[in-house]
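Commentary on secondary and tertiary structure
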Amino acid sequence: TAISIELANKQPYSICLIGFADFEKGELQDTHYFYVRPPENNLSDIRDPEMNWETLNKADEFGEYWNAGMKNYFINRVLVAHNAAYVIGCITHALKIYGIEAPRFQYIDTLEVAKKLYSFTSHQLDAICHELNIDIEDHNLLSKAAATGQFLITAKKEYPMYIPRIQYINDVPTETEQMASLI
């Protein structure tokens, strides 16, 4: 599952839009997005001219979405995000703000993949997609999530021996996972 977020302002907990793109066997299967009401009416970092407080104020807060089932996108899955340390950091910060303990989950950072395997002129997701002819639309979080997943699939096809590093939140690899990584 690839993920992309947008923040309302400079605060890492101010997630106002979150998008998911589910892949199976290298194919995009489904996409989901959620408008999220940030904790305060400060929309200083929103880039989409059509997103405003009137729209976001009608949405649920991050903690409400999490408890209503968004957590199922994280638990027992490997998430894929571009600049994942930032994205996952924002998510865990938002969980903390709402008094929710982050579950154990795993993620792969496509920014790390891009830097390790390619010599792109820029490591911005839109520039990578442009160089690899992957479709991506400005101000479209679902498109960004899908492009993130598609980039990882492309990298795996072009570099079949490369195994991306899997990061862990609130846990360490199990013995079985450690042994599998040695093969």
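Thresholds, definitions, all that
Residues numbered from 1 in each chain as written. Predicted model: local features only at pLDDT ≥ 70, side-chain atom pairs only at ≥ 80, totals over all residues. Heavy atoms only, no water. Axes fitted to C-alpha atoms, helices over the stretch in contact; angles between N-to-C directions. Helix = DSSP H or I, 4+ residues; strand = E, 2+ residues; numbered from the N terminus. Left-handed = near helix turned anticlockwise from the far one by under 90°. Contact = heavy atoms within 4.5 Å. Nonpolar A, V, L, I, M, F, W, Y, C, P; charged D, E, K, R; others polar. Core = buried A, V, L, I, M, F, W, Y, C linked by side-chain atoms within 4.5 Å. Buried < 20%, exposed > 50% of the residue type's maximum accessible area, 1.4 Å probe, protein only. Parallel < 35°, antiparallel > 145°, perpendicular 65-115°, else oblique. Right-handed = clockwise from strand over helix to strand, strands pointing away. Pairing = 2+ DSSP bridges. Phe/Tyr/Trp six-rings, centres within 6.5 Å; stacked < 30°, edge-to-face > 60°.

Pairs of packed helices are described in terms of their axes, by the angle between the two and the distance that separates them. Axis separation between helix H4 (residues 110–117) and helix H6 (residues 141–158) bottoms out at 10 Å; the angle between their running directions is 35°. Every pair of crossing elements has a handedness; the one defined by H4 and H6 is left-handed. Between H4 and H6, the contacting residues are Thr 110, Val 113, Ala 114 and Leu 117 on the first element and Thr 148, Phe 151, Leu 152 and Ala 155 on the second. Here the contact of H4 with H6 is built from residues that sort into six nonpolar, two polar and no charged.

The next thing to look at is the nonpolar core. Counting 30 residues, the largest nonpolar core has Ile 15, Ile 18, Phe 62, Phe 74 and Ile 91 as the members making the most contacts within it. Breaking this core down by element, the ones donating at least two residues are strand E1 (2–7), strand E2 (15–24), helix H2 (62–68), strand E4 (78–81), helix H3 (84–97) and strand E5 (105–109). When residues of this core are assigned to their parent elements, the largest contribution, seven residues, is made by H3. Other than its neighbours up to four places away in sequence, Phe 62 contacts Ile 15, Ile 18, Val 36, Arg 37, Met 70, Ile 91, Ala 94, Leu 95 and Tyr 98. Core analysis: the second largest hydrophobic core is formed by 20 residues, Ala 21, Ile 108, Ala 147 and Tyr 162 among them.

On to unusual backbone geometry. For Asn 76, which is not glycine, the phi dihedral falls at a positive 60°. Residue position: Asn 76 is located in the loop between H2 and E4.

At a closest axis distance of 10 Å, the pairing of helix H5 (residues 125–132) and H6 adopts a crossing angle of 50°. What the angle tells us is that H5 and H6 run oblique. H5 and H6 meet at a crossing whose hand is left-handed. For the pair H5 and H6, contact is made by Leu 125, Ile 128, Cys 129 and Leu 132 and by Lys 144, Ala 147, Thr 148, Phe 151, Thr 154 and Glu 158, respectively.

As for its placement among the helices and strands, Leu 43 is situated in the loop between strand E3 (27–35) and helix H1 (53–56). Owing to a relative accessible area of 22%, Leu 43 belongs among the partly exposed residues under this scheme. Expressed as a C-alpha distance, the spacing of Leu 43 and Leu 56, which sit 13 residues apart in the sequence, is 9.8 Å. Filtering out sequence-adjacent residues up to four positions away, Leu 43 remains in contact with Ala 8, Pro 38, Asn 52, Trp 53 and Leu 56.

Let's shift gears to the pairing of E5. When you tally the buried positions in E5, you get five out of five residues, the bulk of the element. Of the two faces of E5, the one carrying Phe 105, Tyr 107 and Asp 109 and the one carrying Gln 106 and Ile 108 are both buried. Crossover connection from E4 via H3 to parallel E5: handedness right-handed. Relative to strand E6 (residues 167–169), E5 runs antiparallel, the two being bridged by three bridges. Bridge pairing links Tyr 107 to Gln 167 in E6.

Geometrically, a pair of aromatic rings is defined through the distance of the ring centres and the angle of the planes. One pass over the full model with this rule turns up 13 aromatic pairs. When the centroid spacing of 4.0 Å and the interplanar angle of 10° are considered together, the rings of Phe 20 and Tyr 73 count as stacked. A residue pair is termed long-range when its members are at least 10 positions apart, and Phe 20 in strand E2 and Tyr 73 in the loop between H2 and E4 qualify at 53 residues. Relative to Phe 120, the ring of Tyr 118 has its centre 4.7 Å away and its plane inclined at 20°; by these criteria the two rings are stacked. The buried category is assigned to Tyr 118, whose relative accessible area is 11%.

To continue, consider the pairing of E1. Counting buried residues along E1, six of its six residues qualify, which places the element largely inside the surrounding structure. Burial along E1 is two-sided: Ala 2, Ser 4 and Glu 6 facing one way and Ile 3, Ile 5 and Leu 7 facing the other are all buried. In this structure, E1 lies alongside E2, joined through six bridges in antiparallel fashion. From the neighbouring strand, Ser 4 faces E2, where its bridge partner is Gly 19.

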